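# Summary of the model geometry
What follows is the residue order along each chain.
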Amino acid sequence: MQKERKHIKDLSDYLRYSLDREGYFYGNSDTHIVPIKFLNQQSANQCSKFLIENGIWAKAILPPTVTKNKICIRVSVCAFHTYDDIDLLITLLKKFRKH
């Protein structure tokens, strides 16, 4: 179990590093649940749809579940995820930003 916890922490750190490198804001998250922040509901919904269409389950979290300044897509890193999974997410986020 300790090995899996370390793997999750390492992947979560890598995800936050990668998001930071690409200019995405994730707040002060330091757990395996990483909120990728969006300015509005429309962009969060569009990104969620884009990710789902490309094989990543990523649900937008919108008001009234969160306040308007906390609209996000929450990513939960699990023990079965790999660095390639994180890289795919980042690649898709970059593609979403360009279109």
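None of the values given here were measured: they were computed from a predicted structure.

### Some thoughts on unusual backbone geometry
- Along the chain, Pro63 connects to Pro64 via a cis peptide bond; the corresponding omega equals 10 degrees.
- You can see Pro64 is positioned in the loop between strand 2 (60-61) and strand 3 (72-76).

### Overview of the environment of Val66
- Relative to the helices and strands, Val66 resides in the loop between strand 2 and strand 3.
- For Val66, a relative accessible area of 10% puts it in the buried group.
- Val66 has contacts with Ile61, Ile71 and Arg74, leaving out every residue within four places of it along the chain.

### Comments concerning helix 2 (residues 41-53)
- Given a rise of 1.5 Å per residue, 13 residues ought to cover 18 Å, and the 18 Å separating the end C-alpha atoms of helix 2 matches this to within 8%.
- Looking at helix 2, one finds that the buried residues are Ser43, Ala44, Cys47, Ser48, Phe50 and Leu51. For helix 2, the angular spread of the buried residues around the axis is 165 degrees, confining them to a single face. Residues of helix 2 that are exposed and point over 90 degrees away from its buried face: Gln42, Lys49 and Glu53.
- At its buried positions, helix 2 is contacted by strand 2, strand 3 and helix 3 (83-98).
- Between the side-chain oxygen of the N-cap and the backbone nitrogen of Gln42 there are 3.2 Å, and the N-cap of helix 2 in question is Asn40.
- Of the residues trailing helix 2, Gly55 is marked for its positive phi of about 90 degrees.

What counts as what
Residues numbered from 1 in each chain as written. Predicted model: local features only at pLDDT ≥ 70, side-chain atom pairs only at ≥ 80, totals over all residues. Heavy atoms only, no water. Helix = DSSP H or I, 4+ residues; strand = E, 2+ residues; numbered from the N terminus. Buried < 20%, exposed > 50% of the residue type's maximum accessible area, 1.4 Å probe, protein only. Contact = heavy atoms within 4.5 Å. Expected span 1.5 Å × (residues − 1). Arc of directions from axis to C-beta. Polar contact = N/O pair within 3.5 Å; in protein donor to acceptor, adjacent residues only side chain to side chain.

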